[in-house]
Amino acid sequence: MPNLNNFFSAKNIAIIGVSRDPRKVGHVIFRNFIDAGYKGRIFVVNPNAESILGHEAYSSITDIRERIGVAIIAVPAEFVVKVIEECGKKHIRDVIIVTSGFKEAGNAGLDAKLEAALKKHRIRCIGPNCLGTFDAYTKFDSLFLPRYRMQRPKEGHISFVCQSGAVGSSILDLATEEGYGFSKFVSYGNAMNTDEADIIEYLGKDAKTKVICLYVEGVKDGKKFLKIAKSVSRRKPIVAIKGGKTAEGAKATMSHTGSLAGAAEVYSGAFRQAG
C-alpha cells in the first residue's frame, strides 16, 4: 500500500517558488500554512529574496540542511523538471506539483520529461496541475486558494478525493458552509504517478476517514481501480461522481486534466461492481 502520510502530515515542508507578491500561487500556499497554524517547519525557496514574511529564503532546495518531508512546487512549467532533479539530489521522496502546463495543455514532451525525472529519483508526486492536499487535523494546507476565497472545513470524518481543483474547491467551500467536517481533501490533477486508486487505498486504512467521496474525470488504470475500490468499499462507503458524461463535458475533461472521459455507462457498471 502506498504510504501517503507526508502529503497530509509531514513534519516539515519546503515550498519552491514563493514570490513576495501575495497574489502569486507560491505565496498563497506559504500564507495558508502560516494561517492554518501548521506546527511543522516551513522552508521557502526563492533565489531572488533574502526573506519572505520573516522566513529566510533559500536560493535552492539543495541549500537547506534539514531533511525535507515534502516539497511543494509552484514554479512555471519549464522549470519543474530542473526542480525535480534538485529534489532528487536532496533525497526528497514526496512532492506536490501544483504547476499546470503539461499534457492537459498539449505539452506531451515536457510531460514525458517530468515523468522520467520522477521515475529516475523514485519520487512520488501528487499532480501536476492540481490544487494540492489538506488535512483538517494536522493543519497541513497546500491548497493554493487563499482562505478568504475558499473556507476550510472543521475536523470530521469525510475524505474527498477530487481530480478537479475547481470542482473540489467549490464543493469543499459549500460543505464547509453547511457545517460538514472533513479529515482529508486531495486534488490530484493529472495523476502522473499517484492516482485515485492509490489515494482510496490509503484512505481505506485512515482511522479518521469514515466516508470517502470521489470526483473523477478519467480513471488511469481500470483494473487497479476496481480491485482497490472493491476492497475498500467493503469497509467504508465510497460516494462517487463521474465528470465528463456529456459530449461537452468529455471535451472539457480532456483539456482540463488531460483525461479521456470514457463511456459513462462503463463507469456506472464499474462503480456498481465495486460496490
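Residues numbered from 1 in each chain as written. Predicted model: local features only at pLDDT ≥ 70, side-chain atom pairs only at ≥ 80, totals over all residues. Heavy atoms only, no water.

Trainee: Would you explain the state of the cysteines in this entry?
Mentor: Note on terminology: disulfide describes a covalent bond linking the sulfur atoms of two cysteines. Enumeration over the complete set of coordinates arrives at zero disulfides. C130 provides the cysteine sulfur closest to C125, a residue in no disulfide bond, and the two sulfurs are 7.3 Å apart. When its relative accessible area of 0% is taken as the criterion, C125 is described as buried. (Disulfide = S-S within 2.5 Å. Buried < 20%, exposed > 50% of the residue type's maximum accessible area, 1.4 Å probe, protein only.)

Trainee: Help me out: how do you make sense of the layout of surface pockets in this one?
Mentor: Of the volumes computed, that of the largest pocket is approximately 620 Å³. If you trace the largest pocket, you find 34 residues lining it, with G17, A74, V75, P76 and T99 closest to the centre. No other element matches helix α3 (residues 77–89), which puts four residues into the lining of the largest pocket. When grouped by side-chain class, the residues that make up the lining of the largest pocket number 16 nonpolar, 15 polar and three charged. Empty space within the second largest pocket amounts to approximately 250 Å³. A class-by-class count of the residues in the lining of the second largest pocket yields seven nonpolar, two polar and five charged. (1 Å grid on protein atoms, 1.4 Å probe; cavity = no way out; pocket = protein on both sides within 12 Å on 5 of 7 lines; lining within 4 Å. Points joined across faces, edges and corners; volume = space filled by probe spheres on them. Helix = DSSP H or I, 4+ residues; strand = E, 2+ residues; numbered from the N terminus. Nonpolar A, V, L, I, M, F, W, Y, C, P; charged D, E, K, R; others polar.)

Trainee: Would you take a moment to explain the sheet that holds strand β3 (residues 51–52) for this structure?
Mentor: Taken in spatial order, the seven strands of this open sheet run β3-β4-β2-β1-β5-β6-β7, and their pairing is mixed. Strands at the two margins of the open sheet, each flanked by one partner only, are β3 and β7 (124–126). On top of the sheet, helix α2 (residues 25–36) reaches β1 (12–16), β2 (41–45), β3, β4 (55–58) and β5 (70–73); it is set at about 160° to β1, its chief contact. (Pairing = 2+ DSSP bridges. Contact = heavy atoms within 4.5 Å. Axes fitted to C-alpha atoms, helices over the stretch in contact; angles between N-to-C directions.)

Trainee: Would you take a moment to explain the pattern of salt bridges for this structure?
Mentor: Pairing is possible between side chains that carry opposite charge, provided their charged atoms lie close to one another. One pass over the structure, following the stated rule, counts 13 salt bridges. Of the charged contacts in the structure, one is a salt bridge between R41 and E66, with a shortest N-O distance of 2.9 Å. Here E66 lies in the loop between β4 and β5 and R41 lies in strand β2, a separation of 25 residues in the sequence. Under the relative-accessibility criterion, E66 is labelled partly exposed at 31%. Between D198 and K224 there is a salt bridge; the shortest N-O distance is 3.0 Å. With D198 in helix α6 (residues 196–204) and K224 in helix α7 (residues 222–233), this pair connects stretches of sequence that are 26 residues apart. Classification of D198 by relative accessible area gives buried; the value is 11%. Taken together, the salt bridges that share partners define one network made up of D135, K184 and D206. (Salt bridge = Lys/Arg side-chain N within 4 Å of Asp/Glu carboxyl O.)

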